[in-house]
Amino acid sequence: ETDAFLAAFQARIDAEEKIEPNDPMPEGYRRTLVRQIGQHAHSEIVGMLPEGNWVTRAPSLRRKVALLAKVQDEGGHGLYLYAAAETLGVSREEMTEQLLDGRAKYSSIFNYPTQTWADIGAIGWLVDGAAIMNQIPLCRCSYGPYARAMIRVCKEESFHQRQGYEIMMTLAQGTEDQREMAQDALNRWWWPSLMMFGPSDKDSVNSDQSMKWKIKRFTNDELRQKFIDATVPQAEKIGLTVPDPDLTWNEAKGGYDHGPIDWSEFKRVLKGEGPMNRDRIRARQKAWDDGAWVREAARAHAAKRQPAALA
Ligand code: ACO
């Protein structure tokens, strides 16, 4: 890749042009997108597991319908994202193999268990809330197919966030046990939700280049700050307490100061040692193995049709 090629590509990025699948692009740009979109797709699919765990135990028909719709949406998001990554020349099969053998990551947040019904509220409110904060800027990502996929995904995520917050609001106004259940879920999901935004800027190896290429529009810490500033008043409004004794409003910066994040926990989860990592991969492996006959049948069908297509 010559300097002139890289400069011409950067000039397109700087002019806010969208890069499309058949456009020339630096190999690093392609690799970064495959990594990020692939990780994002895997997160959507693995993210169906903790919530799917409560579909049969939702407390009412109305809650069950909303939860089912949400879990299906996540599956749909995964599919758009795999399709977006495929425009970069990687197959869904390859991406799935990378997930199963540990080469590709998925979001740390989905390695925590859903212990009570309030966890479904907390996930919608906090996890989908954090996902929206991260994904709204991705609607302006320089890579066209990823940016366009994000527009619809964000609309659906915003419904997810509201259904989660509404569950929390209902529990917080309920009996003392229900209020405690909501507070306990907030206590367990708060810090992992902050970790979703990725390592702090000084430890984020990919941010500088991704910002230059306008794949990312904000740094990890910037988005984390926006999320905290938006979410703390929502907790206050329903009478719940964010589990951070150091949380204080900082008038000068117009945002909250927060206590230290336990990055050793984040690293453990990324290494595969979170509470649910093994279960999540086992479930995905089983789904992949159980689907082998479908892939084989599709291949056999395609092979049978080929001579006719050529004739
Ligand atoms: N969970 C797992 N891995 C993470 C997380 C996380 N929460 N945050 C960062 N990482 C990984 C990165 O993938 C990178 O590893 P890699 O180089 O092996 O891929 C490493 O930690 C260092 O992080 P960064 O240099 O900051 O990586 P990056 O610039 O890719 O930023 C981020 C990370 C913010 C997650 C970015 O990839 C992104 O915006 N992705 C799209 C959104 C997404 O994946 N959301 C998934 C959850 S939302 C949902 O599914 C509902």
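Note: the structure precedes this text.
This text gives an overview of the structure that appears in the document.

Rules behind the numbers
- Sequence order as written defines residue numbering, which begins from 1 separately in each chain.
- Where local features are concerned, this predicted model is filtered to residues with pLDDT of at least 70; where side-chain atom pairs are given and counted, the filter is 80 or more; whole-chain, interface and lining totals use all residues.
- To obtain the side-chain values, all non-hydrogen atoms of the structure were included, while hydrogens and water were left out.
- What makes a nonpolar core is a set of buried Ala, Val, Leu, Ile, Met, Phe, Trp, Tyr and Cys residues whose side-chain atoms join them at distances within 4.5 Å.
- Burial here depends on accessible area, computed with a 1.4 Å probe over protein chains only, as a share of the maximum for the residue type. Under 20% is buried, over 50% is exposed, and the range in between is partly exposed.
- Helix and strand labels come from DSSP, where a helix needs a run of H or I of at least four residues and a strand needs a run of E of at least two; each type is numbered from the N terminus.
- Any pair of residues with heavy atoms lying within 4.5 Å of one another is described as a contacting pair.
- The term salt bridge refers to a side-chain nitrogen of Lys or Arg lying within 4 Å of a carboxyl oxygen of Asp or Glu.
- Between the N-to-C directions of two axes lies an angle of 0 to 180 degrees, each axis being a line fitted to C-alpha atoms and, for a helix, fitted only over the stretch in contact.
- Each angle is binned into one of four classes, with values under 35 degrees roughly parallel, values over 145 roughly antiparallel, values of 65 to 115 roughly perpendicular, and all other values oblique.
- By definition, turning the near helix anticlockwise from the far helix through less than a right angle yields a left-handed crossing, and turning it clockwise yields a right-handed one.
- In the scheme used here, Gly and all other residues not listed as nonpolar or charged are polar, with Ala, Val, Leu, Ile, Met, Phe, Trp, Tyr, Cys and Pro taken as nonpolar and Asp, Glu, Lys and Arg as charged.
- Stacked, edge-to-face and tilted are the three classes for Phe, Tyr and Trp ring pairs, Trp counted by its six-membered ring, which pair at centre distances within 6.5 Å; planes under 30 degrees apart are stacked, over 60 edge-to-face, the rest tilted.
- A ring has a charge above it when a Lys NZ or an Arg CZ is no more than 6 Å from the ring centre and no more than 35 degrees off the ring normal.
- We call a residue near a molecule or strand whenever a single non-hydrogen atom of that residue lies within 4 Å of it.
- What qualifies as a polar contact is a pair of N or O atoms within 3.5 Å, subject to a donor-acceptor requirement within protein and to the restriction that residues adjacent in sequence count only when both atoms come from side chains.
- Note on areas: these come from Shrake-Rupley sampling with a 1.4 Å probe, and a residue is covered only by the protein chains present in the view.

What to know about the nonpolar core
Then, number 1: Trp 117, Leu 126, Met 168, Trp 189 and Trp 190 are the most contacted members of the largest nonpolar core, which totals 47 residues.
Then, number 2: Only helix 4 (61-86), helix 6 (117-135), helix 7 (144-172), helix 8 (176-195), helix 10 (220-237) and helix 11 (263-273) provide two or more residues apiece to this core.
Then, number 3: It is helix 6 that contributes the most residues to this core, 9 residues altogether.
Then, number 4: Contacts of Met 168, omitting those with residues within four sequence positions, involve Ala 118, Gly 121, Ala 122, Trp 125, Ala 182, Ala 185, Leu 186, Ile 238 and Leu 240.
Then, number 5: Core analysis: the next-biggest nonpolar cluster, separate from the first, contains 27 residues, Phe 9, Tyr 29, Ala 84 and Tyr 146 among them.

Notes on the pattern of salt bridges
Side-chain pairing between opposite charges can occur once the charged atoms of the two side chains come close.
Then, number 1: Following the criterion strictly, the structure yields 21 salt bridges and no others.
Then, number 2: The partner of Arg 148 in a salt bridge is Glu 20, with the nearest N and O atoms 2.8 Å apart. Highlighted residues: Arg 148 in helix 7 and Glu 20 in the loop between helix 1 (3-14) and helix 2 (27-46), separated in sequence by 128 residues.
Then, number 3: Exposure remark for Glu 20: the relative accessible area of 24% places this residue in the partly exposed category.
Then, number 4: The residue Arg 63 makes a salt bridge to Glu 166 at a minimum N-O spacing of 3.2 Å. Placement of Arg 63 in helix 4 and of Glu 166 in helix 7 is noted, with a sequence separation of 103 residues between them.
Then, number 5: Looking at Glu 166, the relative accessible area reads 29%, which means it is partly exposed.
Then, number 6: Salt bridges sharing partners connect three or more residues here, namely Glu 51, Lys 70, Glu 74 and Asp 128.

Structural notes on the packing of helix 2 against helix 7
Then, number 1: Axis separation between helix 2 and helix 7 bottoms out at 13 Å; the angle between their running directions is 25 degrees. Taken together, the axis directions place helix 2 and helix 7 in an arrangement best described as roughly parallel. Along this stretch, helix 2 crosses helix 7, giving a crossing that reads as left-handed. Judged by residue contacts, Leu 33, Gln 36, Ile 37, His 40 and Glu 44 of helix 2 engage Tyr 146, Met 150, Val 153 and Glu 157 from helix 7.
Then, number 2: By residue class, the composition of the contact of helix 2 with helix 7 is 5 nonpolar, 2 polar and 2 charged.

Section: the packing of aromatic side chains
Then, number 1: This model, assessed by the stated rule, comprises 9 aromatic pairs.
Then, number 2: Relative to Phe 227, the ring of Trp 190 lies with its centre 6.0 Å away and its plane at 25 degrees, an arrangement referred to as stacked. Of this pair, Trp 190 sits in helix 8 while Phe 227 is found in helix 10, placing the two residues 37 residues apart along the sequence. The same class applies to Trp 190 and to Phe 227, which are both buried.
Then, number 3: A network of ring pairs unites the aromatic residues Phe 9, Tyr 29 and Trp 213 as a single cluster.
Then, number 4: Geometry around Phe 218 places Lys 226 over its ring, the cationic atom sitting 4.6 Å from the centre.
Then, number 5: The ring of Trp 288 carries the charged tip of Arg 295 above its face, separated from the ring centre by 3.5 Å.

Some details on the site of the ligand
Then, number 1: By nearness alone, 29 residues border the ligand, and Gln 39, Lys 105, Ser 108, Ser 204 and Lys 216 come closest of all.
Then, number 2: Gln 39 places a polar side-chain atom, nitrogen or oxygen, 2.7 Å from an oxygen atom of the ligand.
Then, number 3: For the ligand, whose free accessible area comes to 950 Å², the fraction covered by protein is 90%.
Then, number 4: Elements supplying a minimum of two residues to the shell around the ligand: helix 2, helix 6, helix 7 and helix 11.
Then, number 5: It is helix 2 that contributes the most residues to the shell around the ligand, 6 residues altogether.
Then, number 6: Grouping the constituent residues of the shell around the ligand by class yields 12 nonpolar, 12 polar and 5 charged.

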